[in-house]
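Residue-level structural notes
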Amino acid sequence: MAAQAQRLTKPPKTRQKAWSALASHYKKVSKLHLQQLFADDPKRGERLAVEAVGFYLDYSKNRVTDETLRLLLQLAEESGLRARIDAMFRGEKINITEKRAVLHVALRAPRGTSIVVDGKNVVPEVHAVLDRMADFSNRVRSGEWTGHTGKRIRNVINVGIGGSDLGPVMAYEALKHYSDRAMTFRFVSNIDGTDFAEAVRDLDPSETLFIISSKTFTTLETMTNAHTAREWSLAGLGGDEKSVAKHFVAVSTNTAEVTKFGIDTANMFEFWDWVGGRYSMDSAIGLSTMVAIGPENFQAMLNGFHQMDEHFRTAPFRQNLPVLLGLLGIWYNDFFGAQTVAVLPYEQYLKRFPAYLQQLTMESNGKHVTLDGKKVRHDTGPIYWGEPGTNGQHSFYQLIHQGTRLIPCDFIAFSKPLNPLGRHHDMLIANVCAQTEALAFGKTPAQVEAEGTPKWLVPHRVFEGNRPSNTILADELTPETLGKLVAMYEHAVFSQGAIWNIDSFDQWGVELGKVLAQRIIPELESKTEPQLLHDSSTNSLIRYYRNSRQS
Ligand code: F6P
């Protein structure tokens with residue numbers, strides 16, 4: 001297999017030692033085949049596995065030796081990962097470009113514990129909001145909260161985008177099994193009017209509640225959709241402004257903007273600037289999740305998050321699930337030059353998990369400068385993508401097995417099915433085992449020939465193998481397990497960001513496009529063509545759109 005060429009692999013200055021050692025080590029081991037590594041150590045599959053907080057991580061099918069792991073762990077130590085973890089949990093302002101603490105761990109801290117930000121213990125506030133969310137959810141679920149006409153609420157629509165959408169939609173899909181099936185939950189995010197139109201086309205406004213979820217309450221997409229929702233709701237309810245209080249609630253950090261929109265702050269659920277958008281599904285942003293699955297299940301999810309937080313905070317790096325996943329990711333990203341990671345959940349309910357992870361990983365670690373503003377000397381966040389198994393097998397796995405690119409894969413599976421149907425689950429899990437086995441060990445020309453394959457066909461049917469994967473197994477997809485799974489990836493992303501010495505908690509890269517769009521909107525909407533001062537390509541696109549829209 002053509003291993004990827006190395007690109008940006010100069011060591012960050014402060015981490016020179018372990019990074020350089022890994023670079024030399026890579027030259028020695030990069031050609032080693034997993035067949036050989038397993039043949040040399042019959043116990044490898046048992047040795048390179050960790051069982052913790054109800055998860056079993058098999059990382060033996062990675063292209064690592066004991067020395068690789070030793071050096072990666074040394075890299076973590078030399079990078080000051082331990083100090084960074086402690087700083088995050090202490091509430092230090094580690095999001096330096098926005099001067100904010102990064103405390104999603106406080107969102108799941110048990111009642112009675114203490115995490116201090118700017119001299120204030122934030123845990124009581126977290127629980128006060130959780131209590132209000134629980135009260136509201138119970139009232140909606142029981143039918144006590146009625147709409148303007150007195151009918152009970154049967155439909156809940158979350159309006160948000162990015163972290164204010166991807167977490168809620170992923171969690172709703174993941175935990176649908178636990179949701180109230182008498183209710184309908186939908187999610188509107190795109191500014192494309194189709195998203196809204198399709199979400200409401202078969203719904204009765206008198207039975208529909210909108211949750212407007214936006215940390216800033218200024219995001220173009222969300223505010224546009226929220227205003228459209230308000231018009232749709234009012235139109236269906238006879239235009240009585242009083243109906244808004246019964247059909248709209250808000251989740252935000254921005255009280256002033258919520259009030260301006262016309263939502264009573266009594267119906268506002270707050271969170272705080274120390275919760276990043278992509279780390280907010282367990283804050284009030286999870287209100288739709290709580291209405292869907294009920295407060296007890298939501299609390300179980302928070303318990304799962306917290307268990308993984310404690311594991312991350314206290315377990316030695318050698319047994320630390322997020323740290324190991326983060327380090328293995330760095331090994332492929334920065335030494336093998338792998339550009340992507342495939343996330344392959346063998347659980348239909350996790351169908352939106354890869355999309356959720358894309359924001360979590362890529363908005364966090366898609367950074368080109370270090371904390372001190374210098375250009376990074378190594379590649380940072382890889383591209384995350386994936387689909388639930390076994391669908392991916394009949395689509396893109398061909399490239400993973402026989403293509404020319406190295407694609408590390410995370411397989412995620414559960415021992416117990418939520419919908420036991422005949423032999424389905426055994427067949428599903430057989431596919432997980434088969435895929436990781438095929439990726440690692442492949443099929444040699446001799447094996448292909450021994451099957452009587454004509455010589456000319458042999459190369460086409462050879463599997464070179466040596467394709468790395470992690471397998472993550474848990475008992476069953478419950479709210480608690482989902483919390484653990486999300487927290488595991490959150491902390492893996494954190495670990496990588498600490499080692500790359502970048503700010504994993506800002507997202508300046510999304511700003512420029514937003515600003516330019518604001519400039520272009522009036523240019524598209526004005527009656528006569530305005531003076532266009534963009535480049536010739538953008539000017540032509542604007543003219544083409546204006547002309548074809550009118551024709
Ligand atoms: O895409 C940029 C971003 O700021 C995300 O980080 C955030 O999750 C999303 O926009 C939505 O922001 P808000 O919740 O403020 O509407």
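Everything here concerns the structure above.
Worth saying up front: this structure is predicted, and the values here are computed from it rather than measured. (Residues numbered from 1 in each chain as written. Predicted model: local features only at pLDDT ≥ 70, side-chain atom pairs only at ≥ 80, totals over all residues. Heavy atoms only, no water.)

Focus on the site of the ligand
In the region of the ligand, 13 residues are neighbours, and Gly163, Ser164, Ser214, Thr216 and Thr219 sit closest. Taking Thr216, its side chain carries an N or O atom lying 2.6 Å from an oxygen atom of the ligand. Starting from 390 Å² of accessible surface for the ligand in isolation, the protein chains cover 87%. When its residues are assigned to classes, the shell around the ligand shows two nonpolar, nine polar and two charged. (Near = heavy atom within 4 Å. Polar contact = N/O pair within 3.5 Å; in protein donor to acceptor, adjacent residues only side chain to side chain. Areas by Shrake-Rupley, 256 points an atom, 1.4 Å probe, with all protein chains shown as cover. Nonpolar A, V, L, I, M, F, W, Y, C, P; charged D, E, K, R; others polar.)

Observations regarding the pairing of strand 8 (residues 248–252)
Burial of strand 8 is extensive: five of the five residues sit out of reach of the surface. Burial of strand 8 is two-sided: the residues Phe248, Ala250 and Ser252 facing one way and the residues Val249 and Val251 facing the other way are all buried. Direction of pairing for strand 7 (residues 208–213) relative to strand 8: parallel, over a ladder of four bridges. Counterpart to Ile211 in the pairing with strand 8 is Val249. (Buried < 20%, exposed > 50% of the residue type's maximum accessible area, 1.4 Å probe, protein only. Helix = DSSP H or I, 4+ residues; strand = E, 2+ residues; numbered from the N terminus. Pairing = 2+ DSSP bridges.)

Here's the deal with the nonpolar core
One finds Trp274, Trp331, Phe353, Leu482 and Tyr489 to be the most contacted residues of the largest nonpolar core, which totals 124 residues. Per-element accounting of this core gives the leading share, 12 residues, to helix 20 (residues 479–500). Leaving out residues up to four positions away in the same chain, Leu482 has contacts with Met170, Ala171, Ala174, Leu175, Met281, Met301, Leu350 and Leu477. Core analysis: the next-biggest nonpolar cluster, separate from the first, contains 22 residues, Leu203, Ala226, Val244 and Met268 among them. (Core = buried A, V, L, I, M, F, W, Y, C linked by side-chain atoms within 4.5 Å. Contact = heavy atoms within 4.5 Å.)

Topic: helix 8 (residues 193–200)
Within the sequence span of helix 8, burial applies to Phe196, Ala199 and Val200. All buried residues of helix 8 project into a common sector of 80 degrees when viewed along the axis, lining one side. Looking at the packing, one finds that the buried side of helix 8 touches strand 5 (155–159), strand 6 (184–188), strand 7 and helix 9 (220–236). (Arc of directions from axis to C-beta.)

As for the environment of Asn431
The topology assignment puts Asn431 in helix 17 (residues 424–441). When its relative accessible area of 25% is taken as the criterion, Asn431 is described as partly exposed. Separated by 341 residues in sequence, Asn431 and Arg90 have C-alpha atoms that sit 43 Å apart. Residues contacting Asn431, with those up to four places away along its chain left out, are Tyr346, Thr390 and Gln393.

Focus on the packing of aromatic side chains
As enumerated under the stated definition, the model contains 26 aromatic pairs in all. Between Tyr26 and Trp331 the ring centres are 6.0 Å apart and the planes differ by 80 degrees, which places this aromatic pair in the edge-to-face class. With Tyr26 in helix 1 (residues 16–29) and Trp331 in helix 14 (residues 321–335), this pair connects stretches of sequence that are 305 residues apart. Tyr26 sits in the buried class, given a relative accessible area of 8%. (Phe/Tyr/Trp six-rings, centres within 6.5 Å; stacked < 30°, edge-to-face > 60°.)

Topic: the packing of helix 4 (residues 66–78) against helix 14
Where helix 4 contacts helix 14, the two axes come as close as 10 Å, and the packing angle between them is 105 degrees. Classified by the angle their axes make, helix 4 and helix 14 are roughly perpendicular. Taken together, the residues of helix 14 that come into contact with helix 4 (itself represented by Thr68, Leu72, Leu73, Leu75 and Ala76) are Leu327, Ile330 and Trp331. By residue class, the composition of the contact of helix 4 with helix 14 is seven nonpolar, one polar and no charged. (Axes fitted to C-alpha atoms, helices over the stretch in contact; angles between N-to-C directions. Parallel < 35°, antiparallel > 145°, perpendicular 65-115°, else oblique.)

Re the pairing of strand 7
Of all the six residues making up strand 7, six are buried; the element is thus mostly covered by neighbouring parts of the structure. Bridge count for strand 5 against strand 7 is five bridges, and the pairing is parallel. Note on strand 7: the bridge partner recorded for Asn155 is Thr208.

Topic: unusual backbone geometry
The linkage connecting Gly389 with the following residue, Thr390, adopts the cis geometry, with an omega of 0 degrees. Among the structural elements, Thr390 can be located in the loop between strand 11 (383–385) and helix 16 (397–402). Backbone geometry places Val53, a non-glycine residue, at a positive phi of 40 degrees. Within the secondary structure, Val53 is located in the loop between strand 1 (49–52) and strand 2 (55–58). A positive phi angle, near 60 degrees, is found at Phe217, a position not held by glycine. Relative to the helices and strands, Phe217 resides in the loop between strand 7 and helix 9.

What to know about the sheet that holds strand 1
If you walk across this open sheet you meet the six strands as 1-2-13-12-10-11, and the pairing is mixed. Taken across any chain shown, the strands that pair with only one partner, and hence form the sheet edges, are strand 1 and strand 11. Averaged over all adjacent pairs, the angle separating strand axes in this sheet is 15 degrees, with direction ignored. Inspection of the sheet shows strand 12 (residues 409–414) paired to strand 13 (residues 469–474) by six bridges, in the parallel sense. What sits directly across from Ile412, in strand 13, is Ile472.

Quick word on the pattern of salt bridges
A side chain of one charge can pair with a side chain of the opposite charge when the charged atoms of the two come close. Tallying each qualifying case throughout the model produces 32 salt bridges. Across the salt bridge formed by Lys93 and Asp118, the nearest N and O atoms sit 2.9 Å from each other. Taken as a pair, Lys93 in the loop between helix 5 (81–89) and strand 3 (116–117) and Asp118 in the loop between strand 3 and strand 4 (120–121) lie far apart in primary sequence, 25 residues in all. Taking the shortest distance from any N to any O, the salt bridge between Asp372 and Lys374 comes out at 3.7 Å. Residue class for Asp372 comes out exposed when judged on its relative accessible area of 53%. Judged by relative accessible area, Lys374 falls into the exposed class, the value being 53%. (Salt bridge = Lys/Arg side-chain N within 4 Å of Asp/Glu carboxyl O.)

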